[in-house]
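Each chain, letter by letter, is given below.
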Amino acid sequence: MNDQTLHAFQGHRDALRAFLQARNGWDYYTYLLLFPDGRPFYVGKGRGNRVLHHEAEAMRQSNLRRTNPHKCNTIRRLITSGQDLLYRIDRTYAEADQLACLEREAALIARYPMAEP
């Protein structure tokens, strides 16, 4: 089994929105933001539509001190060059499994150090 078959979802924003709306049986997930070629540049843990908040955060000019500069600069660079982010929902977790979700996030961060364009 390769890495592509191990995750719950991978695709663009509109397909991700539909995927998230269709999922009602779990509360948390681990996710990755990807370059258009599929290389990860950010790992996170989310609930609801959290994974979709990063583009708006990157384009906002306020609260820049409270953001991740690498993530936001990468997103801005992709958007201004006309490219789309790819999103990957790695795994999903019930609320009772939030600790497992945090552990998976840490494992993904260790596996995928911040990639440069």
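Remember, predicted model here, so these are calculated numbers, not experimental data.

About the criteria used
- Residues numbered from 1 in each chain as written.
- Predicted model: local features only at pLDDT ≥ 70, side-chain atom pairs only at ≥ 80, totals over all residues.
- Heavy atoms only, no water.
- Helix = DSSP H or I, 4+ residues; strand = E, 2+ residues; numbered from the N terminus.
- Buried < 20%, exposed > 50% of the residue type's maximum accessible area, 1.4 Å probe, protein only.
- Contact = heavy atoms within 4.5 Å.
- Areas by Shrake-Rupley, 256 points an atom, 1.4 Å probe, with all protein chains shown as cover.
- Pairing = 2+ DSSP bridges.
- Salt bridge = Lys/Arg side-chain N within 4 Å of Asp/Glu carboxyl O.
- Core = buried A, V, L, I, M, F, W, Y, C linked by side-chain atoms within 4.5 Å.

## Re the overall build of the protein
Helices and strands together make up the secondary structure of the protein, namely 4 helices and 4 strands. Residue burial in the protein is summarised as follows: out of 117 residues, 41% are buried. Relative to all contacts within the protein whose residues are 6 or more apart in sequence, the contacts with residues 24 or more apart total 66%. Summed over all atoms, the accessible surface of the protein reaches about 6,800 Å², with 50% contributed by carbon and sulfur.

## A look at the pairing of strand 2 (residues 28-34)
Within strand 2, 7 of the 7 residues are buried, which leaves it mostly tucked inside the rest of the structure. Burial along strand 2 is two-sided: the face carrying Y28, T30, L32 and L34 and the face carrying Y29, Y31 and L33 are both buried. In this structure, strand 2 lies alongside strand 3 (residues 40-47), joined through 7 bridges in antiparallel fashion. Bridged to L32 within strand 3 is V43. Both strand 2 and strand 4 (residues 86-93) contribute to a ladder of 7 bridges, which runs antiparallel. Bridge assignment links L33 to a residue of strand 4, and that residue is Y87.

## Re the pairing of strand 4
Within strand 4, 6 of the 8 residues are buried, which leaves it mostly tucked inside the rest of the structure. The pairing of strand 1 (residues 9-11) with strand 4 spans 3 bridges and is antiparallel. Paired with Q10 across the strands is R88, a residue of strand 4.

## Examining the pattern of salt bridges
A full pass over the atoms with the stated rule returns 6 salt bridges. Notably, a salt bridge pairs E55 with R13, separated by 2.5 Å at the nearest N-O pair. Taken together, the residues E55 in helix 2 (residues 53-59) and R13 in helix 1 (residues 13-22) connect sequence positions 42 residues apart. Given a relative accessible area of 14%, E55 falls into the buried group.

## A look at the nonpolar core
One finds L16, L20, L33, F41, V51, Y87 and I89 to be the most contacted residues of the largest nonpolar core, which totals 20 residues. At the level of elements, helix 1, strand 2, strand 3, helix 3 (69-80) and strand 4 are the ones that each hand at least two residues to this core. Setting aside anything within four residues of it in sequence, one finds I89 in contact with H7, A8, F9, L16, F19, Y29, T30, Y31 and V51. Listed in part, the 6 residues of the second largest apolar core include L32, L34, L86 and Y112.

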